[in-house]
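Chains, contacts and geometry: an overview
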Amino acid sequence: MKPYKLNPRSRKFNESRKTGEFGLLLEKHPEISDEIENLFFGRKKLSEPVMRPKYIHKKFVDKCKELGIPRSEYPFNTEHLGYRALCRHLEHLRDKHFGKASSRYGHDAEQKAKNSGIGQQNYPRTITPYQDVEFDGHRFDGIWVITIKTLEGDDAVLTLDRLWVLSFIDRATDNIIGRPHISLNKEYNATDVMIAAKKAVIPVQKMNLTIHGLSYQPTGGYPSERFKDIEWAVWDVIHFDNAKSHLAEMVRERLRNLIGCATCLGAVDKPMRRPHIERFHQTLTSSSMQRMVNTTGSHPGDPRRKEPEKMAMRYEMTFEHLEEILDVVVANYNGTPHGSLFYNSPLEALEQRLNKGMIPRLLSETKRTEFVFTQVEQPRTVRGSHESGKRPYIEYMGVEYRNDLLANSAHLLNTKLSLHVNVDDLRTIRAYLPDGSEFGLLVAAGKWCLTPHSLQMRKAINILKRKKLIHFTQWDDPIFVYHEYLLTQAKTKKKRVANHIAKTKQVMKKREAEKISELDESLVAEQASISALEKAREQQAKLQIAKTNTPTSHRRFKTITRW
């Protein structure tokens, strides 16, 4: 319901009526004035409707009757019982108490009126690139799908739940630094925040576009892609709100020790303290996402919302298409002139600042590895026993980790080591001795070391195994078993299951395209040993089958019959 509009009156007419009968009535009975103000500003919850003037007038008349005002006096001696004078008084209250009156027009109007436009606007403007950045997450106003192959071998299309986009923006130049991260979780977590930070720091390369007609503008791109001098550039101060994922210990520790930046938490429920990222998300939504056929619109009654799920399935608007579209839109945004930059594009403004010597701080070369962004430190005790013949190992999230050095280090039994765990890839863990020296890279036992998987995925698999919903042996890849289980659950058409399937497809795709680095020699050796064991197992099975199919020879004896 739209807020009402008071009856328009000229200022001259209002001034002449200030000392009229209505004003004298309020001076004589202050309780009437208090009652009117309580009714006009008295909405305690946003769910409560605003009280319109005609209902306030009814309460006003009831209050006058309650006070025993004779019927021959004002307001009972007028044709409309003082309704017009009451409307002029409400208009006066609205203009006098701007902040309170804005609450009648919605929560956004109220918070803007109370927290902006007050005091001297003399805040220093940031002009140095990467000095201050803003971060936030925004939910896509659209439905996307994922194409899967069922266990029966048929193709099926499932709709995904609404996704999150996480991005960093530079306050000085309005550049989106790094490719935004798309989160498939219901609510993005601390790992998603650090993956977005990793994408903002690591140099960006253009994607190979598969959508016909989709292309990058010549003037667009990302800062690290256009200017080689600021590859691995980091920021000094980061501004974000009080979301739980922003307050996580991993986020605070990595920002402090890895990025080396200060954290500025904005006030609760005040998005205007981060105007750049909020404006970018508004532009991203209005100029691209809400113009597609699969948009959900800004609200359920939005006329642009026309069966988004059916449209997404009809045109097969997949998650891969979303990644390409988002990358092109953001790259072109950096190359589009902005009015706040005197019609220079963000990349042009950045180039001018760099030519003036405003070079941002770069990440140390010793920290330029991907896994350090999503790394947490966990203490674990070395387990094992001489009596049972169990060689030393370390257990983390239900999986044993070891290497050749640890397996032959019985003197470390019951010693607590410090583990640096990459929560985005649990195949390997780096261990450190109590004196701080590096012990080496520990590899997950069995086929847990084959497919990259996150801590969240490991927890989900352990829960399903504990409930006996899935089962796998040392010869089965747990990620593939988990993927097959999700395919069986996909028949329920639940969007959340489709999001989990999309995440498992991402990690399996990462395994296929992965190039193992030289630092993962232990991982290479473990995977080679598993491959050799599989070949030996297959060869043994073939020999067993051949042995069972070979006809056996029997001796034939001549039967002698005696008469």
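Treat the numbers as computed from the prediction; the structure is a model and nothing was measured. (Residues numbered from 1 in each chain as written. Predicted model: local features only at pLDDT ≥ 70, side-chain atom pairs only at ≥ 80, totals over all residues. Heavy atoms only, no water.)

Some words on the overall build of the chain
When its secondary structure is counted, the chain shows 19 helices and 14 strands. Residue burial in the chain is summarised as follows: out of 563 residues, 44% are buried. When contacts within the chain are restricted to residue pairs at least 6 apart in sequence, long-range pairs at least 24 apart make up 69% of them. About 32600 Å² of surface is accessible on the chain, with carbon and sulfur atoms providing 51% of the total. (Helix = DSSP H or I, 4+ residues; strand = E, 2+ residues; numbered from the N terminus. Buried < 20%, exposed > 50% of the residue type's maximum accessible area, 1.4 Å probe, protein only. Contact = heavy atoms within 4.5 Å. Areas by Shrake-Rupley, 256 points an atom, 1.4 Å probe, with all protein chains shown as cover.)

Description of the packing of helix H4 (residues 53–66) against helix H5 (residues 83–96)
Where H4 contacts H5, the axes come no closer than 10 Å and their chain directions differ by 115°. Classified by the angle between their axes, H4 and H5 sit roughly perpendicular to one another. Along this stretch, H4 crosses H5, giving a crossing that reads as right-handed. Contact residues: Pro53, Lys54, Ile56, His57 and Phe60 in H4; Tyr83, Leu86, Cys87 and Leu90 in H5. (Axes fitted to C-alpha atoms, helices over the stretch in contact; angles between N-to-C directions. Parallel < 35°, antiparallel > 145°, perpendicular 65-115°, else oblique. Left-handed = near helix turned anticlockwise from the far one by under 90°.)

Some remarks on the pattern of salt bridges
Using the criterion set out here, one finds 16 salt bridges in the structure. Put simply, Asp141 and Arg162 hold a salt bridge, and the shortest N to O gap is 2.9 Å. You can see Asp141 sitting in the loop between strand S1 (132–139) and strand S2 (145–149) and its partner Arg162 sitting in the loop between strand S3 (155–159) and strand S4 (164–170), a full 21 residues away along the chain. Residue classification places Arg162 among the partly exposed residues on the basis of a relative accessible area of 28%. For Arg304, the salt bridge identified is with Asp302, shortest N-O distance 2.9 Å. Here Asp302 falls in the buried class, since its relative accessible area comes to 6%. If you follow the salt bridges from partner to partner, you end up with Glu91, Arg94 and Asp95 in one network. (Salt bridge = Lys/Arg side-chain N within 4 Å of Asp/Glu carboxyl O.)

Quick look at the environment of Lys310
Residue position: Lys310 is located in helix H12 (residues 308–314). Counting along the chain gives 167 residues from Lys310 to Ile143, while the straight-line C-alpha distance between them is 9.2 Å.

Some thoughts on the sheet that holds strand S13 (residues 428–432)
Read from one edge of the open sheet, seven strands run S8-S12-S13-S14-S11-S10-S9, paired in antiparallel fashion. Of all the strands in the sheet, the pair left with one neighbour each is strand S8 (375–381) and strand S9 (383–385). Averaged over all pairs of adjacent strands, the angle between strand axes in this sheet comes to 35°, irrespective of strand direction. Where S8 meets strand S12 (residues 416–422), seven bridges bridge the pair, whose relative direction is antiparallel. Counted as the bridge partner of Val376 is Val421 from S12. (Pairing = 2+ DSSP bridges.)

A word on the sheet that holds S4
Overall, mixed pairing links the five strands, which are arranged S5-S4-S1-S6-S7 in an open sheet. Sheet topology places strand S5 (181–183) and strand S7 (262–265) at the edges, where each strand pairs with a single neighbour. Adjacent strand axes in the sheet meet at a mean angle of 25° when their direction is disregarded. Note that S1 and S4 share seven bridges and pair antiparallel. Directly across from Gly137, in S4, lies its bridge partner Leu166. Its contacts with the sheet place helix H8 (residues 190–201) against S1, S4 and S5, and it is angled at close to 45° to S4.

Quick look at the nonpolar core
Leu160, Phe168, Trp235, Ile238, Ile259 and Ile501 are the most contacted members of the largest nonpolar core, which totals 108 residues. No other element matches the eight residues that helix H13 (residues 319–334) contributes to this core. Leaving out residues up to four positions away in the same chain, Ile259 has contacts with Val201, Val234, Trp235, Arg254, Arg361 and Phe373. Formed by 20 residues, the second largest nonpolar core is a distinct cluster that contains Phe22, Leu25, Phe40 and Leu93. (Core = buried A, V, L, I, M, F, W, Y, C linked by side-chain atoms within 4.5 Å.)

Quick notes on the environment of Val329
With respect to the helices, strands and loops of the structure, Val329 is situated in helix H13. Residues Val329 and Tyr216 lie 113 residues apart in sequence; the distance between their C-alpha atoms is 8.3 Å. In this structure, Val329 is in contact with Leu284 and Ser288, ignoring residues within four places of it in sequence.

Details of the pairing of strand S11 (residues 399–402)
The side chains of a regular strand alternate, first on one face of the sheet and then on the other. Here S11 shows a buried face lined by Val399 and Tyr401 and an unburied face lined by Glu400 and Arg402. Relative to S11, strand S10 (residues 390–396) is paired through three bridges, and the arrangement is antiparallel. Bridging across to S11, Tyr396 finds its partner in Val399. What sits between S10 and S11 in their antiparallel hairpin is a turn of two residues, with Met397 showing a positive phi close to 55°. Relative to strand S14 (residues 438–444), S11 runs antiparallel, the two being bridged by two bridges. Each residue of the ladder has a partner; that of Arg402, found in S14, is Val443.

Quick word on the confidence of the model for the chain
In this model, the chain carries an average pLDDT of 83, and 82% of its residues clear a pLDDT of 70 or more. Counting contacts from residues 515–519, a segment whose pLDDT is below 50, to residues more than four positions away or on other chains yields three contacts. (pLDDT = per-residue confidence, 0-100.)

Let's talk about the environment of Lys65
In this fold, Lys65 is placed in helix H4. For Lys65, a relative accessible area of 46% gives the class partly exposed. Apart from residues lying up to four places away in sequence, Lys65 is in contact with Arg71 and Phe76.

Description of the packing of aromatic side chains
Scanning all chains against the criterion turns up seven aromatic pairs. Arranged with centres 5.2 Å apart and planes meeting at 70°, the rings of Trp164 and Tyr188 form a pair that is edge-to-face. Placement of Trp164 in strand S4 and of Tyr188 in the loop between S5 and H8 is noted, with a sequence separation of 24 residues between them. The pair formed by Trp164 and Tyr188 is uniform in burial state, with each residue classed as buried. The cationic tip of Arg458 hangs over the ring face of Trp448; the distance from NZ or CZ to the ring centre is 4.6 Å. (Phe/Tyr/Trp six-rings, centres within 6.5 Å; stacked < 30°, edge-to-face > 60°. Lys NZ or Arg CZ within 6 Å of the ring centre and 35° of its normal.)

A short note on helix H16 (residues 455–466)
An ideal rise of 1.5 Å per residue puts 16 Å on 12 residues; H16 measures up with 16 Å between its terminal C-alpha atoms. Those residues of H16 lying buried are Leu455, Met457, Arg458, Ile461, Asn462 and Leu464. Once H16 ends, the next one or two residues include Lys468, with phi positive near 60°. (Expected span 1.5 Å × (residues − 1).)

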